[in-house]
Amino acid sequence: MSDLNQLMMSHDIREKNLERVLRTLHKEQVATATRLNKLTGLSVVTINKLLAQLVDSGQVTIGSQTKNLKGRPATTYHYNAAYKLVLVISCYKRSGHDYAGYSIHDLFGECIERREELLQMVHTDEFKVAIENYLERYPKISMIGISMPSDTIGGRMASALRRDPLSRRLAQHMKNRYHLPVFFETDINAATLGAFKRHAHYEFVCGLALVPGRSPVCSFCYNGSLIRGRDGLAGEVKHFPMYNNIGILPLDPEAADDLAVRTLQAVTCVLNPALIIVYAESLKHGPALSDRLKRRLSNEAEIVLMPKIEVTDKIREDIVSGMITLCLQRLNQPNLNA
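**Q** It is not clear to me how the sheet that holds strand S9 (residues 204-209) should be interpreted in this structure. Could you clarify?
**A** Spatially, five strands are ordered S11-S10-S9-S12-S13 in an open sheet, and the strand pairing comes out mixed. Edge positions in the sheet fall to strand S11 (225-226) and strand S13 (308-312), since each of these pairs with one other strand and no more. The pairing of S9 with strand S10 (residues 217-222) spans six bridges and is classified as antiparallel. By the bridge assignment, Gly207 is partnered in S10 with Ser219.

Shown next as C-alpha cells:
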C-alpha cells in the first residue's frame, strides 16, 4: 500500500472517529473522556486527542471537573450547541392573512429567538431586511431554511422541489445574496414532518391542509421520512375527481366540510395512514369530522382500519418543528428532539 493510500485511510478513520465522538457527546450533552471511552469503544488516548481537536474547532467546550469512581478529578466536556445556528422562515396563513415567522435555533433545536410579521405578499424579497438583520446579529447562522405554500412565487415553489432550472436559479440567487446554504420546503411537507415528531408512535402520518378558497395540499411521512413522489411532488389531492377541475375547497362552510370529508375518505382509501392531521381554521373540528367519515365507510373492517384524525389550526408550530429537523439533517447534525 502506498504512503498516499495509508495517509488517506488514516485520515478517513480519524474523521469517522471524530464523528463518533461528536455524535456521542451530542447525545450525552456533557461527558468525561472516560465516559466517552466506554460509550464509543475508542481508547482514552484517542479520545483525548479527538477532544482536543474538537475544543480547538469550537464544537466542544471544556466544563468543570468532577470526581470519577476512583476519586480523581476528571474534566467534563460539553457539546457546543451554539457552534452553528439555523434560521427558519415559515410562511403561513392565519385568519385570511399571510405571515412570516422567523426563528433562530441551535444544534439541539432549541429556540433562541422567534417573531412573526404580516406579509404584503409571499415572496422571497419580503424576507430581505429581516434576514440581513439576523445574519448581522447572529454570525453563527450556517443554514437558512424557508417553507412556503407550493403555489407561491409564481408557482416556483413547486418547481423548487423538482430541482429544475427555475428552481436552481431561485436557490442560487438566495445563496449568492447571503453567502449561506439556503433550501426551500413546502409548508405541508414541513408540517407533516413536525406532526410526526409530535406523534412518533404512529409510523405513517399524513398532513392535509384544507383552507376554503385555496387548493388543498397533502403530504406523507413514513417512519420519519417524507414521501416525496416523482419529481419531489406527492399528495396533489386537488386533482381528485370530486374537485371537478376547480381544484380549490369551496368558500361555503357546508360544501367545504362535505368535500373535506370526501378528501379524507380518498386519502384513506389510497394510502390508509395511521394518523391524518387536518390543518384548518373553519372546518368542523374534532369528532364531527371523524364521525362523518366513519358514516361513509361501508363495513366494520374499514371502520377498524380508519386512521385517527386530528384537526388543528396550529400549523406554524409543526412547520417550524419539521424545518428544524430538515435543517439539522442538512448540516449533518443529529436531532435530540426527533
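**Q** What should I look at first to understand the environment of Cys327 in this one?
**A** Locating Cys327 in the fold gives a position in helix H11 (residues 315-330). Separated by 242 residues in sequence, Cys327 and Leu85 have C-alpha atoms that sit 9.6 Å apart. Look past the residues within four positions of Cys327 in its chain and what remains in contact with it is Val86, Val88, Met143, Gly145 and Phe183.

**Q** Help me out: how do you make sense of the sheet that holds strand S5 (residues 97-105) in this one?
**A** The strands making up a sheet are joined through hydrogen bonds of the backbone, oriented either antiparallel or parallel. Read from one edge of the open sheet, five strands run S6-S5-S4-S7-S8, paired in mixed fashion. Strands with a single pairing partner mark the edges of an open sheet, and in this sheet they are strand S6 (111-118) and strand S8 (182-186). Taken over all neighbouring pairs, the strand axes of this sheet differ in orientation by 20° on average, direction set aside. As defined by bridge partners, strand S4 (residues 85-94) adjoins S5 across nine bridges and the pair is classed as antiparallel. When the sheet's bridge partners are listed, Leu87 is paired in S5 with Ile104. Sitting on the sheet, helix H7 (residues 187-198) is in contact with S4, strand S7 (141-148) and S8, with an inclination near 85° to S8. Running over the sheet, H11 touches S4, S5, S6, S7 and S8 and is turned about 150° from S4.

**Q** Even after reading the chapter, I still don't get the side chain of Glu113, so can you show me in this structure?
**A** Turning to its location among the elements, Glu113 is positioned in strand S6. A polar contact is formed between the side chain of Glu113 and the side chain of Arg137, at a distance of 2.5 Å. Within the structure, the side chain of Glu113 is placed 2.6 Å from the side chain of Tyr138, a separation counted as a polar contact. Those residues within four positions of Glu113 in sequence are excluded, and the remaining contacts are Tyr102, Ser103, Ile104, Tyr134, Arg137 and Tyr138.

**Q** I tried to follow the nonpolar core on my own but got confused; where do I start?
**A** Burial of nonpolar side chains together is a common tendency in soluble globular proteins. Of all hydrophobic cores here, the largest spans 47 residues; its most connected members are Val21 and Tyr279. With eight residues, H11 is the single largest residue contributor to this core. The contacts of Val21, once residues within four sequence positions are left out, are Leu36, Leu42, Ile47, Leu50, Leu51 and Leu54. With 26 residues, the next largest nonpolar core counts Leu210, Phe220, Leu259 and Leu293 among its residues.

Rules behind the numbers
Residues numbered from 1 in each chain as written. Predicted model: local features only at pLDDT ≥ 70, side-chain atom pairs only at ≥ 80, totals over all residues. Heavy atoms only, no water. Pairing = 2+ DSSP bridges. Helix = DSSP H or I, 4+ residues; strand = E, 2+ residues; numbered from the N terminus. Contact = heavy atoms within 4.5 Å. Axes fitted to C-alpha atoms, helices over the stretch in contact; angles between N-to-C directions. Polar contact = N/O pair within 3.5 Å; in protein donor to acceptor, adjacent residues only side chain to side chain. Core = buried A, V, L, I, M, F, W, Y, C linked by side-chain atoms within 4.5 Å. Buried < 20%, exposed > 50% of the residue type's maximum accessible area, 1.4 Å probe, protein only.

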